[in-house]
Amino acid sequence: MGLAVGGMAKVYSLQTNFTNGSLSKSAQARTDLAKYGNSADELVNYVITKRGGIIPRAGAVYVAQTKSEDTNIVLIPFIFSTSVAFVIEAGNEYFRFYKDNAQVMDQIVPTDPYEIVTPYAIADMADVKYVQAQNKMIFVHKDYAPRQLVYNYVLETFSFDEILFNYPAMSEQGVAPDCTLTLSSTITGTATLTTDVDTFMETDEGRQIGGGTGLSKIVTYTSAREVTATNLIAYDVDIYSSSEWKLLQSPLCKARPDGKQVGAENVTITCSINSANKAAFRDGGTWSFTDIGKYIRIDEGLCRITAVNGSNTTATVTIERGLTENDDPTKGVPNPAYGGGWQILSDEWNVNDYPSVCGMYENRLILANNPSYPNRVWGSKVGNNYDFFTGIEDADPYEFDLASERFDEVTGINSLKELIIRTVGSEYAVNGANDGPITPTNTSVKRQSSYGSSTLNSAPLENGFAFIQRSKRSVFFYGYDYNIGGFDGDDTSDLNPEVTKNGITSITFEQDPYQHLYCVTSDDDNNPKLAVLCIDRKQEVVGWSEIQGLFYYVTTIPTETTDQTWVLAKINGKMCVCYFDYDVSFDGYTTQETILTDTFTGLDHLADSTVTILLDDQPYYDLYVDATGTLVTPTEGYKLEAGYFFESSCKLLDVELLLDGSVQGRQSSVNRVYVKLYNTQTLDIETARGVDQEIEFRSFGLDVLDQRIEPFTGTKDLSILGAGKNLTYLTLKRKAPLKQHILSVNRMVTVNE
């Protein structure tokens, strides 16, 4: 480890990788952790590679300015294939599109961006959720009817329309009459219930009424404005307005359809009620004009109400699904809650009451959480994303509520070996019995953990996914753990919670080339930046770094050779759409190749600002782009690369050497450093005393200043000047827009024994 000389020990502290990333200040006393030796104090504008080294983060290549300057614009990936992948700029009531590193332009007016109209206000875009199935993308939000974006590959156009479901999710919901209900008594027992307008019908006998804390069962119909009931549960008040009470269930009478074949129209359904002697039946008023458009379920048959006669005694329907032979009109009064009964079904999704979460699983569209049913999950028919009428066959749609001892609002859906339902308080795994598929009659819901999830989109990652915990300050990796035989999560930011402490607003995972999870964080003043997690759990790589810059949203699409992360960024004071490129060292990057010249035009997005450039691979600093977007360079050149250069810095942790104890508290200093590099052209090292030393990469000789610096692979060593007493950290920097890849650092430290 070292050699002791005259009471002093010269030891070498080798850091072979940076796989744990930056380490929280609050954890830096834990020198006993194995991860301490793989960490840094700070990693700014560096990212970790899955092989352990660090490289400068990617630069942001400018594509286009956004339609508006709103910072709430969302970027959405639409992936038809690796060769046909779009990024959607989703702003206030519009979508714009990007493909092949450029903005998609209108086919009719090629100078205008291609744009489609949407109903979404910009304030709602963060809560719009989406899931893609082939060339269609489903969008949901609680205040907007579900819609789908359809890509026409032949015409290279998109359409965006409200979904016309074959059958929406339906249930027996009763009715909420538009009138006031008054009770003669609020305690349990007999009571007279009256309304201020005609409300009740004879077929309401046996139905229940609910309001506030109370529940009643109608015993006798007196008139359209009065019934006698038994209060089953006491009420809190004796008067309820129209929005505070409801007539529950469907009429408890016998329904007689005069047709049963699928597609039959103008079929009449008449309801029969008991006469006074309780031995015969007669036609009675059952239907209301508000029933038009609703459905009637008779066993597994389905009818859609198209009209109601003036006396409310018959309804005209269209048979959507055939009625069975068991629907015998000579039967007695059916129980509407069980087989053989009938129910009036209402749409569970209505204005400002639509599903707000979506996903795909087992070839079904999965929807969840509308305001009326926040913990309900709906699964479509297998192979038909527009049919949600529940049945009993395995391929039929299903629905279920999450059973929990606490309120669990659904926040997200993920598809792994089982259906994962994320809620504000827990995570659930859903499957069929014996690991079979989920069906209407075979559903097993088991809570796996209680971390709680935010409503932000998750990101597929390795054999699981990453999601943002309810506080929006922690990123959890979630997947199947064979050690416990279930699903569980790991907090990836437990050793550096500061990196995401300001709250996360969007995430995306870039699988290739380095396995980076990008997280946009923002403080109370809406000053965003990026936190980047390099994660390869098999290689024990879980490390965070920070990216400086005004980045507001991130998303990732594939290309034919790699993954590509796109960002919503503020460049030169303007909101822009850009994509990251690891070969670029600037934000707002643009490039031009031309004949030999010293004047470059068309740099409009850099206008009236100072930039850094590479001219034929040679860096020049602090050059001014005038108000017309014109740049005059110090010398002539062929290829210009311009933008806003960002420096990178890696502050190492203090050395911890176990020399019969700890180095802490002993006099120590760094005398020399050895840095192993790959394909590198520049490196500066700053000592603990603030002395900046540049490592040379250019060979001496004739005309070397006019030549490109050749990338270096190997070890560079440097004697440290002005090393601090008892300060053993160093800061590695990139201060020029040139290539750099740091593999390891070996510090020679003198320790006073």
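Keep in mind it's a predicted model, so treat the numbers as computed, not measured.

Basis of the calculations
Residues numbered from 1 in each chain as written. Predicted model: local features only at pLDDT ≥ 70, side-chain atom pairs only at ≥ 80, totals over all residues. Heavy atoms only, no water. Helix = DSSP H or I, 4+ residues; strand = E, 2+ residues; numbered from the N terminus. Contact = heavy atoms within 4.5 Å. Lys, Arg positive; Asp, Glu negative; His and termini not counted. Charge placed at Lys NZ, Arg CZ, Asp CG, Glu CD. Pairing = 2+ DSSP bridges. Axes fitted to C-alpha atoms, helices over the stretch in contact; angles between N-to-C directions. pLDDT = per-residue confidence, 0-100. Patch = residues over 30% accessible without salt bridge, like charges linked within 9 Å, V, L, I, M, F, W, Y side chains within 5 Å. Areas by Shrake-Rupley, 256 points an atom, 1.4 Å probe, with all protein chains shown as cover. Salt bridge = Lys/Arg side-chain N within 4 Å of Asp/Glu carboxyl O. Buried < 20%, exposed > 50% of the residue type's maximum accessible area, 1.4 Å probe, protein only. 1 Å grid on protein atoms, 1.4 Å probe; cavity = no way out; pocket = protein on both sides within 12 Å on 5 of 7 lines; lining within 4 Å. Points joined across faces, edges and corners; volume = space filled by probe spheres on them. Nonpolar A, V, L, I, M, F, W, Y, C, P; charged D, E, K, R; others polar. Phe/Tyr/Trp six-rings, centres within 6.5 Å; stacked < 30°, edge-to-face > 60°. Lys NZ or Arg CZ within 6 Å of the ring centre and 35° of its normal. Polar contact = N/O pair within 3.5 Å; in protein donor to acceptor, adjacent residues only side chain to side chain. Core = buried A, V, L, I, M, F, W, Y, C linked by side-chain atoms within 4.5 Å.

The secondary structure content of the protein amounts to zero helices and 61 strands. Summarising its shape, the C-alpha atoms of the protein cover approximately 115 × 70 × 45 Å along the three principal directions. Long-range pairs, those at least 24 residues apart, make up 60% of the contacts in the protein between residues at least 6 apart in sequence. Once the 60 positive and 98 negative side-chain charges of the protein are each reduced to a mean point, those two points are 5 Å apart.

Quick look at the sheet that holds strand 35 (residues 398-401) now. To summarise the sheet geometry, strands pair through backbone hydrogen bonds and adopt either a parallel or an antiparallel arrangement. Here we have four strands laid out as an open sheet, ordered 32-33-34-35, and antiparallel in their pairing. The open sheet terminates on both sides in strands that have one partner only, identified here as strand 32 (357-361) and strand 35. Mean inter-strand twist for the sheet, computed between neighbouring axes without regard to direction, equals 20°. As defined by bridge partners, strand 33 (residues 364-370) adjoins strand 34 (residues 373-379) across four bridges and the pair is classed as antiparallel. Pairing of Asn370 across the sheet is with Tyr373, part of strand 34.

Turning our attention to the confidence of the model for the protein. Confidence in the prediction for the protein averages 90 pLDDT; 92% of positions are at 70 or higher. Note that pLDDT drops below 50 for residues 1-6; the model gives that stretch eleven contacts with residues more than four away or on any other chain. This model gives residues 326-340 a pLDDT under 50, and the stretch forms 26 contacts once residues within four places in sequence are excluded.

So, about a nonpolar patch on the surface. The grouping of Phe80, Tyr153, Val154 and Leu155 at the surface amounts to a nonpolar patch, some 440 Å² of accessible area in total. Of the residues examined, Phe80 reaches a relative accessible area of 34% and is grouped as partly exposed.

Now for the pairing of strand 21 (residues 214-223). Across four bridges, the pairing between strand 20 (residues 208-211) and strand 21 is antiparallel. Residue Ile209 lies in a different strand from strand 21, and its bridge partner there is Ser216. Linking strand 20 to strand 21, which pair antiparallel, is a turn of two residues; within it Gly212 sits at a positive phi near 55°. Bridge count for strand 21 against strand 22 (residues 226-233) is seven bridges, and the pairing is antiparallel. By the bridge assignment for strand 22, Ser223 is matched with Glu226. As consecutive antiparallel partners, strand 21 and strand 22 are separated by two residues.

Here we take up the layout of surface pockets. Size it by volume and the second largest pocket reaches roughly 790 Å³. Counting only elements with at least two residues in the lining of the second largest pocket, the list comes to strand 6 (54-56), strand 49 (563-571), strand 50 (574-581), strand 51 (586-600), strand 54 (631-645) and strand 56 (668-680). Class assignment for the residues of the lining of the second largest pocket results in 14 nonpolar, nine polar and eleven charged.

Our next topic: the sheet that holds strand 37 (residues 419-423). The four strands are arranged 36-37-38-39 in an open sheet whose pairing can be described as antiparallel. Where the open sheet ends on each side, the last strands, each with one partner, are strand 36 (410-415) and strand 39 (444-449). Averaged over all pairs of adjacent strands, the angle between their axes in this sheet comes to 25°, without regard to strand direction. Pairing of strand 38 (residues 427-431) with strand 39 involves five bridges; the strand directions are antiparallel. Looking at the pairing, Asn431 lines up with Ser444 of strand 39.

What follows concerns the environment of Thr590. With respect to the helices, strands and loops of the structure, Thr590 is situated in strand 51. Spatially, the C-alpha atoms of Thr590 and Thr423 are 43 Å apart, while their sequence positions differ by 167 residues. Sequence-distant contacts of Thr590, that is, excluding residues within four places in its chain, are made with Leu603, His605, Leu606, Leu640, Glu641 and Ala642.

On to the side chain of Gln148, then. Structurally, Gln148 is set in strand 15 (residues 144-152). Judged by relative accessible area, which is 16%, Gln148 ranks as buried. The residues touching Gln148, leaving out its near neighbours within four places in the chain, are Lys136, Met137, Ile138, Ser159, Phe160, Asp161, Ile163 and Tyr386.

Scanning the model with the defined rule gives 45 aromatic pairs in all. Seen in terms of ring centroids, Tyr167 and Phe389 are 6.2 Å apart; in terms of plane orientation they differ by 55°. Their pairing is tilted. Of this pair, Tyr167 sits in the loop between strand 16 (157-162) and strand 17 (170-171) while Phe389 sits in the loop between strand 34 and strand 35, and the two are 222 residues apart along the sequence. Accessibility classification places Tyr167 together with Phe389 in one group, the buried group. Seen from their ring centres, Tyr373 and Trp378 are 6.5 Å apart, and the 90° between their planes marks the pair as edge-to-face. Just as Tyr373 is buried, Trp378 falls in that class too. Geometry around Phe712 places Lys716 over its ring, the cationic atom sitting 4.5 Å from the centre.

With that out of the way, let us pick up the pattern of salt bridges. Counted by the stated rule, this structure contains 27 salt bridges. Of the charged contacts in the structure, one is a salt bridge between Asp291 and Lys294, with a shortest N-O distance of 3.6 Å. Note that Glu348 and Arg376 form a salt bridge whose closest N and O atoms lie 3.0 Å from each other. Highlighted residues: Glu348 in the loop between strand 31 (342-347) and strand 32 and Arg376 in strand 34, separated in sequence by 28 residues. Assigned by exposure class, Glu348 and Arg376 land together as buried.

The next thing to look at is the environment of Arg364. Relative to the helices and strands, Arg364 is located in strand 33. C-alpha separation for the pair Arg364 and Pro397, spaced 33 residues apart in sequence, amounts to 8.4 Å. A polar side-chain atom of Arg364 sits 2.8 Å from the main-chain carbonyl oxygen of Asp396.

Burial runs high along strand 36: five of the six residues are buried. Relative to strand 37, strand 36 runs antiparallel, the two sharing five bridges. In the strand pairing of strand 37, Val410 is matched with Thr423. Counted between consecutive antiparallel strands, the loop separating strand 36 from strand 37 contains three residues.

Quick look at the nonpolar core now. Residues Phe95, Phe139, Leu149, Ile685 and Ile742 are the most contacted members of the largest nonpolar core, which totals 77 residues. Per-element accounting of this core gives the leading share, five residues, to strand 9 (residues 85-91). Not counting residues up to four positions away in its chain, the partners in contact with Ile685 are Val673, Val675, Val691, Asp692, Gln693, Ile695, Leu718, Ile720, Leu730, Thr731 and Leu732. Formed by 18 residues, the second largest nonpolar core is a distinct cluster that contains Ile55, Tyr514, Tyr518 and Val554.

Counting through the fold element by element, Asn20 comes out in the loop between strand 2 (8-15) and strand 3 (21-22). Side-chain polar atoms of Asn20 contact the side chain of Ser39, separated by 2.7 Å. The contacts of Asn20, once residues within four sequence positions are left out, are Lys35, Asn38, Ser39, Leu495, Val542, Gly543 and Trp544.

Here Asp512 and Pro513 are connected by a cis peptide whose omega angle stands at 15°. Relative to the elements of secondary structure, Pro513 occurs in the loop between strand 44 (504-510) and strand 45 (516-522). For Asn352, which is not glycine, the phi torsion reads 60° and is therefore positive. With respect to the helices and strands, the residue Asn352 is situated in the loop between strand 31 and strand 32. Classification of Asn352 by relative accessible area gives partly exposed; the value is 44%.

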